[in-house]
Amino acid sequence: MKYIGVILIMMAVALTGCSKAKPEPVIKIGSIDITAKEFEQAYTVLTGKSNDIASKKLFLDTYISRKLMLKEAERLGLNRDPDFLSDIQLFWEQSLLKLVLDKKIKELATRVSVSDDEVTALYNARKDAEYKGKDINLVYDELKYLILKTKQRQAIQEWVDSLREKTPITIDYKKLGLE
């Protein structure tokens, strides 16, 4: 179970190699072939820039150095180090969690709404403390945002609770040292 993420990543890499004809490499670093698309993706992801020839030339040198260091790390067997594999598993889980939460929040955005009455009620509840001397029109957007975020958190929690209800969970509190 611990290495499921690593296995999935390795399968994705293997399947990528099974595609039809790989485009011709534009960079060769020893046995590593890099296509123009791969270089462009790395450049965009790592720099956030696009179509800037001067910065691409600077990035190319750094990119080659990175590839050489990664190749050396593999030669030393660091890619099979248990701590490294554990880190990859945690990163994979965090990335997947972010994706599912982003997807759920986008889905909720169409279902969660905030009415003027809710904003007014929150304003009235807080006007003597937090919003003393401020007109509702000045803090309306802030209040609406607070209510929206609260409703989204509640909806996410309800979704997680429904997942828990559908899934059998057993916990050995004693072995966890929680008893």
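What comes next is a walk through the structure. (Residues numbered from 1 in each chain as written. Predicted model: local features only at pLDDT ≥ 70, side-chain atom pairs only at ≥ 80, totals over all residues. Heavy atoms only, no water.)

Val114, Val119, Leu122, Tyr123, Tyr131, Ile136, Val139, Leu143 and Ile147 together form the largest nonpolar core, which totals nine residues. For this core, the leading source of residues is helix α6 (residues 136–166), giving four residues. Look past the residues within four positions of Val114 in its chain and what remains in contact with it is Val119, Lys144, Ile147, Leu148 and Lys151. (Core = buried A, V, L, I, M, F, W, Y, C linked by side-chain atoms within 4.5 Å. Buried < 20%, exposed > 50% of the residue type's maximum accessible area, 1.4 Å probe, protein only. Helix = DSSP H or I, 4+ residues; strand = E, 2+ residues; numbered from the N terminus. Contact = heavy atoms within 4.5 Å.)

To continue, consider the side chain of Ser55. Locating Ser55 in the fold gives a position in helix α3 (residues 53–75). Residue classification places Ser55 among the buried residues on the basis of a relative accessible area of 12%. At 2.3 Å, the side chain of Ser55 and the side chain of Tyr43 are in polar contact. Setting aside residues no more than four positions away along its own chain, Ser55 makes contact with Tyr43 and Lys49. (Polar contact = N/O pair within 3.5 Å; in protein donor to acceptor, adjacent residues only side chain to side chain.)

What follows covers the packing of aromatic side chains. Scanning all chains against the criterion turns up five aromatic pairs. Both rings, one in Phe39 and one in Phe59, keep their centres 5.6 Å apart while their planes meet at 50°; by these two values the pair is tilted. Placement of the pair is Phe39 in helix α2 (residues 36–47) and Phe59 in helix α3, with a sequence separation of 20 residues. A single burial state applies to Phe39 and to Phe59, both of which are buried. Relative to Tyr63, the ring of Phe39 has its centre 5.4 Å away and its plane inclined at 85°; by these criteria the two rings are edge-to-face. With a gap of 24 residues between them, Phe39 in helix α2 and Tyr63 in helix α3 connect regions that are remote in the sequence. Of the residues examined, Phe39 reaches a relative accessible area of 10% and is grouped as buried. An aromatic cluster is present here, built from Phe39, Tyr43, Phe59 and Tyr63 joined pairwise through their rings. (Phe/Tyr/Trp six-rings, centres within 6.5 Å; stacked < 30°, edge-to-face > 60°.)

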